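Report on the structure
Spelled out from the first residue to the last, the chains are:
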Amino acid sequence: MQQRFHLPQCHSFTGTFLAALQGLGMALVAAWMILAPPPAQAQSPAMTLKVGQISDSIAFFPIFVAKQQGFFKQQGLEVGDIPLLGTGAKLAAALQSGSIDVAGGNGTDPLNLYRANKSTRMIAQLVNTYYVDIITGPSFSGPPASATLQDKVQALKGKKIGITGPGSGTQALVNFLLGTAGLQSATDVTLVSLGSNMTGALGALKTGRVDVLSFPQPVGQQAEATRIGHIYISPARGDIPQLKTVVHGVVFTTQAVLDAKGPAVTAFVRGIADAERFIHQDDPKAVRALFKAYRPTMNDDTVDRLLSILRAEIPRTPAISQGEYDREVKFNLDSGLITEAPDYATMVPAQWIQSALGGAH
C-alpha cells in the first residue's frame, strides 16, 4: 500500500513561515512607497457665491470686469451666471429666499430691504453718483434743457413717466424732484412701470407710450446717440448737487450670509476692488473693449459717450464713506420711499470692508 506523506503538524514551522511572508510583504510595500511617484495633491474646491443684479446698467460694469478678467478666480472664487432680476423688489426677494448670496442694486434697494430684514448690509460700492437720468422723448413739450431745474421739474407735471418699477431708485428720483416743486407722483404724473429692459424703455419713449423716462445710464446716452430723446435732468452731471456724490450703485447682502460665507464674500469684494482699479488704471482701449463686450449691441457713439464719464462715476475703491451713505439716506427719506433708515455703523460694516480690502491685489 502506498503511503501518503504528511507535513508534520508543527506550530513553530507554521509561525516561522507566516512571519517570513509578512516580512516579505512589508518589504515590498516599503519598496513601492520609495519608487512610486508621490500622489497628486487633492485640489480644494473653489469657493462659490450666487450673485444677482437688477440690470446691465453702467453700475454693474465692475462686476462684469471682475468676472471677465478673472479677478474673482484669482481670489479662489467661482461666480456663475448672474441673473438680471429687473427690480429691486425681486432682487431683495431673491436674497431673502437664499436664491442669491449677494445682490447688485442701487442704494434704495438695501434701505427698502432693511425694513423687513434688519441684518441687511451694504458691502461694496460700484458707482458713487446718482446714475439715473430724466430723459425726454418726442412727445415731451416743455422748457429746454438749459432752463432752471425748477422750471424743468414743473414741466414734468401731467406727463407719463417711465420707471423700472415701484419703490425703485428710478421712482425715488421722480418723487424727489416733484417734491421740490410741491408736486406728488401719485397725483401729478402718471408712472409707467417698464422693468429694466433698456431696449423696451427706449421703444416706449420713441412711440410716445411715455413722455419721459427716469432710467439709469446708459439709457440716456443711447437715446441721444440714436436721436430718440435727450437727457433733461442728470444728477451725475451736477444738475442736482446733493446727488453728485452718493452711494448709489452698491453690493448688499445679509449678516447671515457674511457669517456663513465670509471668506467667499471677502473674495468677491476683493475682486470688485481689482476691477475698479483696472477701470481707472488700465489702458482705455482695454476698458473700452470690455465695455463693448458688456453691451455688445450698443453702437460706438453711445460707448464713446459713456467712456468719457465712466471713470468719474465708478469709484477707485469699493469702500463706502459715511458722507456718501448719509446723502443717499437723506435723498431716500426726502423722496418718501422710506420713512426711517439705520445709521451708517449699522448698515455698513466698515471695519469688515477694510479688512477685506487689505487682502486685495
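Residues numbered from 1 in each chain as written. Predicted model: local features only at pLDDT ≥ 70, side-chain atom pairs only at ≥ 80, totals over all residues. Heavy atoms only, no water.

1. Quick notes on helix α15 (residues 322–335)
Residue pairs three or four apart in sequence face the same way in an α-helix, which turns once every 3.6 residues. The end-to-end C-alpha separation of α15 is 20 Å, in line with the 20 Å expected for 14 residues at 1.5 Å each. Along α15, the residues classified as buried are E324, Y325, E328, V329, F331, N332 and S335. Along α15, the residues classed as buried sweep out an arc of 160° about the axis, all on the same side. Note on α15: the residue one or two positions beyond its end, G336, has a positive phi of about 85°. (Helix = DSSP H or I, 4+ residues; strand = E, 2+ residues; numbered from the N terminus. Expected span 1.5 Å × (residues − 1). Buried < 20%, exposed > 50% of the residue type's maximum accessible area, 1.4 Å probe, protein only. Arc of directions from axis to C-beta.)

2. Focus on the environment of L310
With respect to the element layout, L310 can be found in helix α14 (residues 300–313). Spatially, the C-alpha atoms of L310 and V127 are 9.3 Å apart, while their sequence positions differ by 183 residues. If near-sequence neighbours (up to four positions away) are discounted, L310 is found in contact with I58, F61, I279, V287 and F291. (Contact = heavy atoms within 4.5 Å.)

3. Structural notes on the pattern of salt bridges
In this structure the tally under the stated criterion is 10 salt bridges. Between D56 and R295 there is a salt bridge, with its nearest N and O atoms 3.4 Å apart. Remark: R295 occurs in the loop between α13 (284–294) and α14 and D56 occurs in the loop between β2 (51–53) and α2 (61–68); sequence separation between them is 239 residues. On the basis of relative accessibility, which here comes to 22%, the residue D56 falls in the partly exposed class. A single network of salt bridges, built from pairs that share partners, joins R288, K292, D300 and D304. (Salt bridge = Lys/Arg side-chain N within 4 Å of Asp/Glu carboxyl O.)

4. Thoughts on the layout of surface pockets
One simple way to see leftover space: roll a probe sized like a water molecule over the atoms. Estimates place the volume of the largest pocket at around 230 Å³. S234, A236, R237, I309 and E313 are, among the 16 residues lining the largest pocket, the residues nearest its centre. Residue composition of the lining of the largest pocket, by class: 4 nonpolar, 6 polar and 6 charged. Taken as a whole, the second largest pocket holds about 190 Å³ of empty space. Every residue lining the second largest pocket is listed: Q53, D56, F60, I63, F64, K67, Q68, D81, I82, L84 and Y294. (1 Å grid on protein atoms, 1.4 Å probe; cavity = no way out; pocket = protein on both sides within 12 Å on 5 of 7 lines; lining within 4 Å. Points joined across faces, edges and corners; volume = space filled by probe spheres on them. Nonpolar A, V, L, I, M, F, W, Y, C, P; charged D, E, K, R; others polar.)

5. Quick look at the side chain of T136
Relative to the assigned elements, T136 resides in strand β6 (residues 132–136). The residues touching T136, leaving out its near neighbours within four places in the chain, are L205, D211, V212, I228, G229, H230 and Y232.

6. Some details on the sheet that holds β2
Spatially, β2-β4-β11-β5 is the arrangement adopted by the 4 strands of the open sheet, whose pairing is mixed. With one partner strand each, in any of the chains shown, β2 and β5 (120–127) form the two edges of the open sheet. With strand direction ignored, the average angle separating the axes of adjacent strands in the sheet is 25°. Looking at chain direction, β5 and strand β11 (residues 249–254) are connected through 6 bridges and run antiparallel. (Pairing = 2+ DSSP bridges. Axes fitted to C-alpha atoms, helices over the stretch in contact; angles between N-to-C directions.)

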